[in-house]
Every structure is written in structure tokens, then in C-alpha cells.
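# Structural characterization, general
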Amino acid sequence: MFRRVLVANRGEIAARVIRACHALGVEAVAVYSEADAGSPHLDEADQRICIGAAHARHSYLDQEAILEAAHQTGCQALHPGYGFLSESWLFAARCRDERITFIGPEAASIRTMGDKVAARRAAVAAGLPVIPGTLAPVAGLDSVRQAASETGYPLILKAVAGGGGRGMRRVDDPAELESQWETATGEAAAAFGDGSMYVERYIEGGRHIEVQVLADRFGNVVHLGERECSVQRNHQKLIEETPSPALSPERSAAFGEMVRQAIARLGYRGAGTVEFLLDPATDQLYFLEMNTRLQVEHPVTEMTTGVDIVEWQLRIAASERLGFAQADIERRGHAIECRINAEDPEQGFRPAAGRITTLEWPATGDGDGVRVDTHLQPGYEVPPFYDSLLAKMIAWAPDRDGAIDLMLASLAATRIEGVPTTIPLHARVLDSTEFRSGVATTSTLVELLERWGWAVSPAALEEKV
Amino acid sequence: MARVTLAPIGRPQDQIATPEELAASAAAFDERRADLARNRAEVATGWGDKYIARVHELGKLTAWERISRLADPGTSPLPVGTFVNHGDRFGERKLAAPGAGVVTVFARVCDRWTMIIANDNTVASGAWFPKTPEKIERAQEMALGLSVPVIYLVDCSGLFLPEQGRTFAGATGAGHIFKKNSLLSAAGVPQIAGVFGDCIAGGGYMPIISDRVIMTERAYMVIAAAALIKGAKSQHITSHSIGGPDVHVHASACADERAPDDETALAMIRAEVAKLPGSAADYYRHGVASAAPLHDPEEIAALLPASLQMPYDTYDLLARLVDESRFWEIMPHTGREVITGIARIGGLYAGIFANQPGLFDHPAHPTEKRSGGILYREGIAKLSAFSRACESDGIPMIWMQDISGFDIGAEAERQGLLGLGSNLIYTNSTNRTPMITVILRKGSGAGYYAMAGLPYDPVLQISSPIARLGVMDGRTAAIASYNSQLDDEFEIPADTSEEQAERIRAGMSAVQEKLEADMDPYTSARRMDTDEIVDFHEIRDYLVATVEMSYQTIGRRRIKNPRIWSMHDLEILFES
């Protein structure tokens, strides 16, 4: 095992990784930007080093500064957390050259999974079901028609060179295909100089289901079951849980096994999450993408399996073998996570900065079934430069209703003053019929917000006003 | 610190030039690139469909069909020598010999790189034309330099007799192929031959020196064909009856196995290759896989200015050739008109030597600038030191030439550039680690020699579609030829009569035109002054292949692990 690890992140995940290091007897070095100079989690680290200015570009995203910090503090390995450089294949490759072990998969895996087309091809090759559509770009109306007859309707035309919603066109009916194709190719050719398209079935109101995997460098792979993260706003997950109410235990086990085998075929190493969309129309699960890093919502899996995912990330990086086989993994009970963000849900989720004046958590001792992952302390100043995540609250109970009730009680017992938080929203969503009955899809939260008269984003709020 | 730390290099296209400028640059080479594709397609069809049909009627496959069945599915063989004899005509009937009637390609067979040498049976039944022996010998030299197995696909009617005087008796005449067969064998390079048809006279030595010889039922090998044997007709003697598999597989033991047809023989050759040790390349990757550049090689054409006189940034070029667009520059602060350093290509370490165009500060005269693409004192020393370090460490060397020549003038002579250049020449001449040379735009004068041009035995030299090889450019040569009649500024003196001036102008432009035509890449390729013309986006493919081949065979040459490279010494000595 490494003697010292650089934790190349901030906030709650930096605190989480530091704890995992200490559990393994490893020293943790925290990095911080000028804006995070007083962050309470820095006190938990064995050493701390400033890597630059507030703007992430000049600190948490500055590859040279972080590598230099790792060398200066004599670290052997580096944990990237999530976000920032965690999915930069270039950074992973550079760490390798610098002989700083990147706690994550090989650069090549990160690169493949970071490229939508390459990822889709890899998934097909590994035997995972993908959303019906073309694997290679198609050009010309006849080819698009042919592809459309195979995918079925509704479908979506996606420009090869597109991104951020540009060059995308939804087609509900064969009669619209020609005109929509013309518009889409025209847009794409004008914007990106390339008019070729991918054709893909459009899935409405799907459910977001993902599988956590761990793989060592010796070809041993386990899955730790699925998580459902359908409660989302603008692709931002808010509530996650495991097991998914959409899957029977038998289906869940078979699905996990399929993913486990696919990951073994890919030769992947480290912790990873394979994301799927459950199509309500056909009840099929389709591969969306793979996240080659630790996920924000990993604690629900830890609560139900007893496996410390971060600890195993470190062990795998240090060439240890997985200490257990698939058969050793028992999933117990139900866990739910709520992301407590410094955002005002009644004001279009506008991110807020400011000082935390009051901070009270529910009991989180052994047997309480509640875990809080956070870097907050009373008096903490929330900086305006970064992601607004303040804390993650996780509630575990033998069954789903119990977990919901415990979460509601825990949220009620929580007091955070000084900045608005998403706690009121969580309480309302958890208690909604849609969530309670376990039928929520990725559209549900937006529908609830509309019903309650809450704007879905600051921009939407302004339109209302 | 024995780390090899590769730093990102190069800029995205949109930071190099405007979309309009990029499009204009790319368009400037469109014609050249289209010509290349068309010329290649033409060579690949040999003498054309009629002759392809004739091969098929005989129940045989063409050379290219044989190659595609030998190569691993999904891989693309990389041809060399495609344009040997391009445009030349032979014999009284002025016959063309596309590719000199032989196909030489690097191909992956059972996950190993091989050199395949295949007589083109759609060109005069695979006869050997002038330059056919030299092309085969060059392919054998590449295989020897890279230690990769050679596969001969023999289907050859003998020397093209009307031109036998040009292919027989000289130092590189046909017989030298068999000497090369022997040297390959002596050096432990595996050779496997498939005989698919005629194999007459000296041609017979080529398969027989091979470790394995497989004959199809249509094949025969004879010292002299039946046509030369008295009484052959009355005795029903055919070349096949005296030299077919019945004789050579069983009676003479000159061949090993018989095969019913081409397909079976090719499968048997693959089975033999599979028995050889696998490639060691992955061992030498040190746990890393081959990775595409971050910046697309397809962008190279757009980043080269339309005018050969205009500079570009070589880092942008290298960023489109090397893995992940990452590079460890060695000695970055001295001789900046040449760039030396280490990159991964196909996951394997390679040394890069490249010219950098543009203007640079003059090291001795702080107020002056001098142009890149020229070899000066510091740059020559840097190339020599880096070449020796690569040789010492066993790192294959890639020489990226865009070079106008050596610095000239009184100062250059006093500095002894002749001596420094000779040092570099000596170093490269005695290198045993594979060198690969790429002529990007210009390979001129002594610079072409000093940077491992073909006379210095690189295992491969490729030219881009715009590459020009020559002692000097046409204009300079015209000035040199007419120097006694020009003034100090190389202009025609004002007191020259109009008639005389016109004569000088005409003479100079004739010299210029002749030289410009000679510098065309097809002229170089036709004469075997370069091994292949390669489109910009294919340069990386050839580099990946040759670097992989350099590391394929274990135990044949010195390959140090990166901890003990002499590169580290250079880095430390040239710090700051």
C-alpha cells in the first residue's frame, strides 16, 4: 500500500477520500485553492498544499500544479475524486509518466468511455444492449430512412460533430423524417462543417439505473448491484437509491451479472459505474455511458453491501487482489441518498454562497442507519466558485418505506442556516405519491416542480417573472 | 529521476488558423493527394483487367489477392516501392512495368509484422524488369534492418529478356537477391516461400534458400524451362514435369510441402508464421497501449501552408503523429531550429528528430534573427548527440525532414560545419538501431544526408505527396550554373546586351525546370530515391508499423529499459 496519497479534489469527496486513506493507514495530502483555504476538511488531512487561485482552471484543473504538489509532498498516488480531473485520460496518462499512481482506471479506458461513439462500440463489443441506432454515422436521406426503419419511432437525429443539444432533431413520425433530416444536416453542416448523423431511438420518460463495479488488475470483477437515480433536474441527480424499485431481485441479479461479464471482457480496472436507461415502453435496459470514476452516490451501495468502495479503489491501485468474489456479496436492506446542495429550489435552484451560521445533523451513530458525508462545519463559508454540493445524507432501513421514513425524519432533524438548501425539496419529493410508489422516471421531478409552481432552473424562473 | 515524462504538445486546429485559412491550405494539396490515390489504384491493377482475368482463368489468385488472404483480417498492408519504374517504358513494345512487376508490403500475419514480396502476375506473368531486383533487394534490406520474417510469393516467368542487359550482371543485378536471401538466413531472419506458378532459372534460388517452401500443384521450379531443352517436345517434357511438386517435394527435396491451390498454400504459410515467436512489442510498451494522438492526423494537410516557403510549427505537426500528442523534448534550449525528443508511437518509445521552420534568435548576435529549416552549429551537435543517445538506448529514430541544407558562408566554414556534419554522418552511418526517415516538404543538399536520408540506410524513407529531394532548388542551381555571368545580387548585370541577357534567362529557366521536374516525388520514387509516397494522414500508420517492427524481435539488438537511458544524462546536462 502507498505511504502517502494526494487527494486532488475538494469538499465532501475530499473528506471522504481522506477518511478512506486513514482507514488503510495511509497519509492523506489535501490540496486547496485560495478560495478553499479555510475548508474544515483540510484539518483532517496529514498535510495540505495550496495549488492556486479560486478558479478551478487555476487550481483543481491545473494538471501541472497538481502533479507538482504530488511531487513536492512526496506522494506515491493520487485520488482524483469525481469531477475536475477524474475523467481526464490525459491527466491519468501524465500521472503514469510521473510515476504518481492515478487511483482509477487506465488512461485508455477513460479515453474510450469519454468518447460517446467509442463507448457505444465498446459496449456492443462487450455484449451490453445499446439504444437501437447506428454505430457509424450515416449520410444521405436513403441511408437515414434505412436506419430509421430499424430503430423505429420516435427517433433522434444526432450530428456527428454536435454537442450541447445542437444538431439534434427529434422525429416522431416517418412523414417528418425528410424535413427534420434536412434541418438537422443543414444546422450541423453550418455549425460543424460535417452533416453526417447518428440515428437513435428516442426514449421518453426512461428510468436511470446504473451498476457499480469493482475490478482488480488480475481479471477479478464484481458488481455491487444497481442504483436508481431517476430523480433528476437538467441531468443533475438529486435522489439516489438502491435497490431500484423498478427491478425484481431476480432481474437485478441477472442484470448485474451481465454487466460484470461485460466489464471483464473490457479488461477494465478499478471502480466504475455503467449507466443504463430503462425504456418504459419496452421494459428494456439500454447502455448510456460508463463513468470511469467514483460516483457521488456511491454511499448507498456501501450501506447495502458493506463494501468500502473508496478503500478498494486504493487497494486495487496498489495491485491488491479483490478480497471477495461475487458470491460473497450480500445486498441487505434499502438505502437512499439525498444531495443537499446550496441551492434555493423555490428560486429556480439558483446556487447560493455564504456563511453557514447554524449546523445540526441527526444522530449518525452505529445502528442509527443514517450517514452524512460532508465537509461542513458551523461558520463555514460556502465559496461561489464550485459545485454547490454541501452534504450527502444517506438513510438505510430493512425496506424501502422504512428508508424513506428514516430519511424524512433525518431531514426534519437537520438544521442548516445561512444558505438555502435543497432539504425542503427532498422532503416534498420523498413524500410524493410518485416517489413513494416507486414509479418515478427522469421526467417526474420536472413534472412535480411544474405542479408545485417551482421553476426548474434560474433561467426558467426569469421567464416566469 | 529516471522518469520519462511526456508533456502535451500542439494546438487544436482552431488556434492555429482561421477555418478559411485551414481550408485554403488543405485545398492547396488536394490535387497532389488525389493524384496519389489515382496513381496507386492504377499501379494496383497491374496491366489491367484482361491480365487479372487471365490469372483467374488459370485458377490462380493475383498478387494482391494473395496478400489480402495472408494478412490478418481487418489489417491494412502498407506497401513500399509502389512507384518504382512509374512512367518508365521497356523493350521495343514500350511496355509499362507498374511497381516493377513486384509487390512489396509490410503486412500483419498472425499478429506479427512481415515483409511480403510477391511477384505481380498481372504484369508480364511476374517477369523481372529493370529495377525489379533492386526493389526486391530493398524490401529484403528493410526486413533485415527490422528483423521481421520475409514471405516470398513466387510466380515469375524469369527476366524480362529484352532488357536483360539492365538486370543481370551488375552489383544489384538479380543474383544479388539470392545473396540477400543468404544474408537474411545467416542473420536468423525467417524466410518462407510459396511457389504459385513459374519459377525459372536464378529465380529458383530465392525460394530454396527460404526455411520453408510450399508449392502449389501449378508450380514448378527449373534451372531451364522446357523450351530450352533439346527434344523436349518429342519426349513430352514440360517445365512442370521436370520441376513440379512431384520432383521437388519428393525427389529433389528442394521444396517441403505441396498444396492443391493458392488458398491452401496461403493457409499453410500462415500456419508456419504462427509457429514463430510472437511480437515482443507489447513487452516493450511497458504496460501502456498504443493510443491515437489527441489531435487528428487528418489535420496535417491543413496545417502545412500552401507555400513551401512559409513556416508552420513543428510541434503542431508532431502532435498529429505521436501517441496522445505527448512529447519529452530533450535539449529544448539549444539549437531550437531542430527539435529532438522522445514520444510514444504505437505505445513504443521512439526518438524524434525534426526541423523547425520559422525565425530564431541568433545565438552569437542577439539583435539578429536567422531562419529555421537549416542546420547550424548547435543544431548539428544536438542531432549528433541525440542520435548517439538513441543508438545507445536502442530507441528507433524518426527523422522528420523539412530541410533546406547546411548554413553557408564564411562564419559557417570557420566554425567547421563540414567537420560537425561529418561527425553526424559518421554517427548515423554506424547506427544499428532502426532509423526511419520522413521527407515532409524538402530534403535538400547535405541536410538530406545529415538527417539520415536514404543513402544512410534508414529502414524506411517515405515522402509526402509534396516532398522534394535535390541538392538545391531549381532557382539556386540556375544561379550556380550561371554564376560567372551574374552580379553580386545574382542578377544579370545591367551592361549585358539584351540578346545575351535573353540567352542567360532562357538557360537559367531551362536548368530550373529540369531540376524542379527531378525533385517531383514521383521522380524520386521511380528511381528508388525514396521508398514510398505516403499521404499526410498516413504518415503515422507507417511510423506505427515501423516502430512496432523495430521492437518485434527480441534479442536481436540492444534495447535498454527507460530507467537506464543515456537520455537522462542529456536532460541533466542540458537543464535550464
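On a predicted model such as this, the values are computed, not experimentally measured, just so you know.

### A word on the pairing of strand β11 (residues 236-242) of chain A
Residue and element names in this part refer to chain A. For β11, the tally of buried residues reaches 6 of 7 residues, placing the bulk of the element in the interior. Two strands pair when backbone bridges link them, and strand β10 (residues 221-233) and β11 are joined in this way by 4 bridges, in the antiparallel orientation. Counted as the bridge partner of Val-231 is Ile-239 from β11. Note that β11 and strand β14 (residues 334-341) share 4 bridges and pair antiparallel. Opposite Glu-241, over in β14, you have Ile-336 as the bridge partner.

### Description of the sheet that holds strand β5 (residues 101-102) of chain A
Residue and element names in this part refer to chain A. Here 5 strands make up an open sheet; going across it, the order is β3-β2-β1-β4-β5 and the pairing parallel. Looking at the sheet topology across the chains shown, the edges are occupied by β3 (47-52) and β5. Of the pairings in the sheet, the one linking strand β1 (residues 4-7) to strand β2 (residues 27-33) comprises 4 bridges and is parallel in character. If you follow Arg-4 over to β2, its bridge partner there is Glu-27.

### A closer look at the interface of chain A and chain B
Where the parts come together, the accessible area they lose is often given as the size of the interface. With 7 residues of chain A at the contact, the number on the chain B side is 10 residues. Only α4 (89-97) and α5 (107-114) of chain A provide two or more residues apiece to the side of chain A that touches chain B. Broken down by element, the side of chain A that touches chain B gets its largest block of residues, 3 residues, from α4 of chain A. Considering only residue class, the side of chain A that touches chain B consists of 3 nonpolar, no polar and 4 charged.

### Here's the deal with helix α22 (residues 539-550) of chain B
Residue and element names in this part refer to chain B. Helix length check: α22 (12 residues) gives 16 Å between terminal C-alpha atoms against 16 Å at 1.5 Å per residue, within 8%. Burial runs high along α22: 10 of the 12 residues are buried. Inspection of α22 places Ile-539, Arg-540, Leu-543, Val-544, Ala-545, Thr-546, Val-547, Glu-548, Met-549 and Ser-550 among the buried residues, and these make up the whole buried set.

### What about the environment of Ile-66 of chain A?
All names here are of chain A. Tracing the chain through its elements places Ile-66 in helix α3 (residues 63-72). Judged by C-beta crowding, with 27 C-beta atoms within 10 Å, Ile-66 ranks as buried. Put simply, Ile-66 and Cys-95 are 29 residues apart on the chain and 9.8 Å apart in space, counted from C-alpha to C-alpha. In this structure Ile-66 touches Ala-8, Val-31, Ile-51 and Leu-85, once residues within four positions along its chain are discounted.

### What to know about the packing of helix α15 (residues 377-393) of chain B against helix α17 (residues 417-430) of chain B
Residues and elements named next belong to chain B. Two numbers describe how α15 lies on α17: the axes approach to 9 Å, and their chain directions differ by 20 degrees. Between α15 and α17, the crossing angle belongs to the class labelled roughly parallel. When the axes of α15 and α17 are compared, the crossing they make is left-handed. Note on element contacts: α17 touches α15 through Leu-417, Leu-420, Gly-421, Asn-423, Leu-424, Thr-427 and Asn-428, opposite Arg-377, Ile-380, Ala-381, Leu-383, Ser-384, Ser-387 and Arg-388. When grouped by side-chain class, the residues that make up the contact of α15 with α17 number 6 nonpolar, 6 polar and 2 charged.

### Things to note about the sheet that holds strand β7 (residues 150-156) of chain B
Sheet strands pair via backbone hydrogen bonds, and the direction of the pair is either parallel or antiparallel. All names here are of chain B. Reading across the sheet, the 7 strands line up as β2-β5-β6-β7-β8-β9-β10 and stay open at both edges, with mixed pairing between neighbours. Where the open sheet ends on each side, the last strands, each with one partner, are β2 (78-80) and β10 (257-259). With strand direction ignored, the average angle separating the axes of adjacent strands in the sheet is 25 degrees. Here 6 bridges tie β7 to strand β8 (residues 191-199), and the two strands are oriented parallel to one another. Residue pairing in the sheet places Val-150 in a bridge with Gln-191 of β8.

### Regarding the domain arrangement of chain B
All names here are of chain B. Taken as a whole, chain B is organised into domain 1 (46-278), domain 2 (282-471 + 520-573) and domain 3 (474-518). Placing a centre on the C-alpha atoms of domain 1 and another on those of domain 2 gives a separation of 35 Å. Taken residue by residue, the interface counts 23 residues in domain 1 and 20 residues in domain 2. Of all the elements in the fold, those that place two or more residues in the side of domain 1 that touches domain 2 are β2, β6 (112-119) and α6 (132-146). It is α6 that contributes the most residues to the side of domain 1 that touches domain 2, 6 residues altogether.

### A few points about the packing of helix α12 (residues 400-413) of chain A against helix α13 (residues 423-430) of chain A
Residue and element names in this part refer to chain A. Contact geometry for α12 and α13: axes closest at 10 Å, N-to-C directions at 155 degrees. On the basis of the axis angle, α12 is roughly antiparallel to α13. When the axes of α12 and α13 are compared, the crossing they make is left-handed. Of the residues in α13, those in contact with Ile-404, Met-407, Leu-408 and Leu-411 of α12 are Ile-423, His-426, Ala-427 and Leu-430. Partitioning the contact of α12 with α13 into residue classes produces 7 nonpolar, 1 polar and no charged.

### Considerations on the pairing of strand β9 (residues 212-216) of chain B
All names here are of chain B. Taken across its 5 residues, β9 has 5 buried, putting it largely inside the fold. With burial as the criterion, each face of β9 is covered, one bearing Arg-212, Ile-214 and Thr-216 and the other bearing Val-213 and Met-215. One ladder, built from 4 bridges, connects β8 with β9; its direction is parallel. For Gly-194, the partnering residue across the bridge sits in β9 and is Ile-214. Two elements, β9 and β10, share 3 bridges in a ladder whose sense is parallel. From the neighbouring strand, Met-215 faces β10, where its bridge partner is Arg-258.

About the thresholds
Residues numbered from 1 in each chain as written. Chains lettered and ligands numbered in written order. Predicted model: local features only at pLDDT ≥ 70, side-chain atom pairs only at ≥ 80, totals over all residues. Buried ≥ 20, exposed ≤ 12 C-beta atoms within 10 Å, placed from the backbone. Helix = DSSP H or I, 4+ residues; strand = E, 2+ residues; numbered from the N terminus. Pairing = 2+ DSSP bridges. Contact = placed C-beta atoms within 7 Å. Nonpolar A, V, L, I, M, F, W, Y, C, P; charged D, E, K, R; others polar. Expected span 1.5 Å × (residues − 1). Axes fitted to C-alpha atoms, helices over the stretch in contact; angles between N-to-C directions. Parallel < 35°, antiparallel > 145°, perpendicular 65-115°, else oblique. Left-handed = near helix turned anticlockwise from the far one by under 90°. Domains from an automatic or database assignment.

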